[in-house]
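# Notes for the structure review
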Amino acid sequence: MTDTSMTYMQFLLNERRRSESDRDLMTLLHGVATACKAISNSLKNGALADVLGSLESENVQGETQKKLDVIANDIFLRRCEFSGVLAAMVSEELEEIYQIPERFPKGQYVLFFDPLDGSSNIDINVSVGSIFSILRLPEVPDVITYETVLRPGVEQVAAGYALYGPSTMLVLSIGRGVDGFTLDGNIGEFRHTHSSISIPPEAAEFSINASRAQWWEPPVKRYIDDCVAGENGPRGKYFNMRWIASMVAEVHRILLRGGIFLYPIDERNSDAGGKLRLFYEANPMAFLIEQAGGAASTGRERILDVQPLTPHQRVPVILGSRDEVELVERLHKEYDEASRSSVS
Ligand SMILES: O=P(O)(O)OC[C@H]1O[C@](O)(COP(=O)(O)O)[C@@H](O)[C@@H]1O
Ligand SMILES: [Mg+2]
Ligand SMILES: [Mg+2]
């Protein structure tokens, strides 16, 4: 039974005592939670406050920025830059690395974040989120370059997300399982509501943007066709489908009731390497999913082992219940082997 009287701050202090995690990591995790509370507040008034709609500007991904993408980005920078524990920040909304201003002390941590995930849902009042990933540098160089921070996902020391839904939640791992907190509007504090979250290995629910089926690779087509075939098909059971178009909301559902989420590489996004970004979407979600007993793959490789090349790199994402992800990986392996043997 989760002791819901425990606040997020108390949880961090306990974790610090139990796992000798250093004080600086807890300071940063507190700053991130404060940023998420402020974003939750900005969202709450929706059309009553001037936060909906798009700007003229585009981000480094070539996407038109939503007002809230920029508001949330500023909130993260302002709430974390003075923490004294950061070496730099990397955001979906900033092309360059955000260097910590000279006037603030620096530390060894790098914060990667997607300030507002599920942006296409903001103006229609559907759940959105924020995603973060934390890396610890061996030392603090004077100037942080991308070479310094382009580390594989296995090196993350913490990751999590905030979900701005009917309630606001924060889900986090510091490498010792996954815990969830719900924002208590009466005291303005996150309280511990979900402890040691674990994903059931089997699943009967998939989520994928089916409008892209025409461009999928054969292994993905095969996997989805078999699910859709239901009881009379090769899987011998019914599979339900969900697509919220907010990765945070999909991952949250999977953490709580299992399932599989796929945003695979396809003919339309293959030049970009996929849709979702490695550093502030795929890596943090893969860290959480694995900590909860699930699996996260590109279809051909464990996401946390992907060797990063560029800061806003995209990768195929297939994550969730272990048995399902392993099945999708097997289908990719068989397909690649068959393709290779057919050309040789
Ligand atoms: O528009 P599509 O193809 O359904 O894609 C939805 C996906 O794109 C995203 O919105 C991308 O994230 P951002 O909103 O942070 O750019 C994911 O949250 C979601 O899973
Ligand atoms: Mg996103
Ligand atoms: Mg975003």
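Details of the structure are given in the entry above.
Now for a look at the structure at hand. As the structure is a computational prediction, the values presented were derived from the model and not from experiment. (Residues numbered from 1 in each chain as written. Chains lettered and ligands numbered in written order. Predicted model: local features only at pLDDT ≥ 70, side-chain atom pairs only at ≥ 80, totals over all residues. Heavy atoms only, no water.)

## Things to note about the side chain of H312
Mapped onto the elements of the fold, H312 is located in the loop between β15 (295-297) and β16 (314-315). Side chain to side chain, H312 and Y280 meet in a polar contact 2.7 Å long. When sequence neighbours within four positions are dropped, the list of residues in contact with H312 reads V60, Q61, S91, E92, L94, E95, Y146, R277 and Y280. (Helix = DSSP H or I, 4+ residues; strand = E, 2+ residues; numbered from the N terminus. Polar contact = N/O pair within 3.5 Å; in protein donor to acceptor, adjacent residues only side chain to side chain. Contact = heavy atoms within 4.5 Å.)

## Notes on the coordination of the magnesium ion (ligand 3)
E92 (OE), D114 (OD) and L116 (O) make up the full set of protein donors to the magnesium ion (ligand 3), lying at 2.0 to 2.2 Å. Between consecutive donors of the magnesium ion (ligand 3), the numbers of intervening residues give the motif E-x21-D-x1-L. (Donors = N, O, S within 2.8 Å, 3.2 Å for Na, K, Ca; no water.)

## Notes on the sheet that holds strand β8 (residues 168-173)
In space, the 8 strands of this open sheet follow the order β4-β3-β5-β6-β7-β8-β9-β10, with mixed pairing throughout. Here the strands that pair on one side only, and so sit at the sheet edges, are β4 (98-99) and β10 (189-194). Strand direction decides the pairing type here: strand β9 (residues 179-184) and β10, joined by 5 bridges, are antiparallel. The partner of D184 across the bridge, within β10, is E189. Sheet strands in contact with helix α3 (residues 67-80) are β3 (86-91), β4, β5 (109-117) and β6 (128-136), and its direction is about 155° off that of β5. (Pairing = 2+ DSSP bridges. Axes fitted to C-alpha atoms, helices over the stretch in contact; angles between N-to-C directions.)

## Structural notes on the packing of aromatic side chains
Evaluation of the coordinates by the stated rule reveals 7 aromatic pairs. When the ring of W243 is compared with that of F261, the centres are 5.6 Å apart and the planes differ by 5°; the resulting orientation is stacked. Placement of W243 in the loop between β12 (240-241) and α6 (247-257) and of F261 in strand β13 (residues 260-263) is noted, with a sequence separation of 18 residues between them. Given a relative accessible area of 27%, W243 falls into the partly exposed group. Residue F261 is classed as buried on the basis of its relative accessible area, which comes to 2%. By the ring-pair criterion, three or more aromatic residues cluster together here, those being Y8, F11, F181 and F190. (Phe/Tyr/Trp six-rings, centres within 6.5 Å; stacked < 30°, edge-to-face > 60°. Buried < 20%, exposed > 50% of the residue type's maximum accessible area, 1.4 Å probe, protein only.)

## Concerning the pattern of salt bridges
The full count for this structure, using the stated rule, is 23 salt bridges. Among the salt bridges present, the one from E155 reaches R151, with a minimum N-O distance of 2.8 Å. Owing to a relative accessible area of 33%, E155 belongs among the partly exposed residues under this scheme. A relative accessible area of 34% places R151 in the partly exposed class. The closest approach of N and O atoms between E290 and R302, which form a salt bridge, is 2.8 Å. Of the two residues, E290 is situated in helix α7 (residues 278-291) and R302 in the loop between β15 and β16; the sequence distance between them amounts to 12 residues. A relative accessible area of 24% means that E290 is categorised as partly exposed. Three or more residues joined by partner-sharing salt bridges are found here, namely E63, E92, R277 and E281. (Salt bridge = Lys/Arg side-chain N within 4 Å of Asp/Glu carboxyl O.)

What is shown is where atoms sit, not what they do.
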